[in-house]
Amino acid sequence: NPCLADRVKALGTAGYNDIVYVYVKSKCINNKGGIGSLFYFPRKKIYRIQIDNTELKKNYPAAWCVNVSESLLINGYKELPF
């Protein structure tokens, strides 16, 4: 997908290199769903931001997401490039 490739490239140049394809939960912090959904994992101390549309993988929703460390957000404010 060329649109996703542009997003991944922009995120990489902005310093967000932890981009993964993972299963996503139905509950997110900002109650948005879809692109821009925000998930928090307290045990791992990371925030996960969805950067692509959800699709079914083995009957469960999965999507491309970027992982952002909680310490990175506390120490400095960084805006997403899109």
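Within each chain, residue numbers correspond to sequence positions counted from 1 in written order. For this predicted model, a pLDDT threshold of at least 70 governs which residues receive local features, and a threshold of 80 or more governs which side-chain atom pairs are given and counted, while totals over whole chains, interfaces and linings are taken from all residues. The basis for every side-chain value is the complete set of heavy atoms in the structure, and neither hydrogens nor water enter the calculation.

## Considering the side chain of R48
You can see R48 is positioned in strand β3 (residues 46-50). Contact partners of R48, with chain neighbours within four places excluded, come to V22, Y23, S37, L38, F39, F41, C65, V66 and N67. Working definition: helices are DSSP H or I runs of at least four residues, strands are E runs of at least two. Numbering for both runs from the N terminus. We call two residues in contact when some of their heavy atoms are within 4.5 Å.

## Some details on the environment of Q50
With respect to the secondary-structure elements, Q50 resides in strand β3. Taking the C-alpha atoms as reference points, Q50 and A62, 12 residues apart in sequence, are found 9.7 Å from one another. Those residues within four positions of Q50 in sequence are excluded, and the remaining contacts are V24, G34, I35, G36, S37, F39, A63, W64 and C65. Distance and chemistry together define a polar contact, namely a pair of N or O atoms within 3.5 Å, with one atom able to donate a hydrogen and the other to accept it when in protein, and with adjacent residues in sequence counting only for side-chain atoms on both sides. Polar contacts involving the side chain of Q50 include one to the side chain of T54, which spans 2.9 Å.

## Here we look at the pairing of strand β5 (residues 60-69)
At least two bridges found by DSSP between two strands is the condition for calling them paired. Pairing geometry for strand β1 (residues 19-23) and β5, over five bridges, is antiparallel. The residue bridging V22 from the neighbouring strand is A63, located in β5. As defined by bridge partners, β3 adjoins β5 across five bridges and the pair is classed as antiparallel. Bridging from a neighbouring strand, R48 pairs with N67 of β5. In the sheet, strand β4 (residues 55-57) pairs with β5 via three bridges, with the strands oriented antiparallel. When the sheet's bridge partners are listed, E55 is paired in β5 with A62. Hairpin connection of β4 to β5: two residues between the antiparallel strands, including K58 at a positive phi of 55°.

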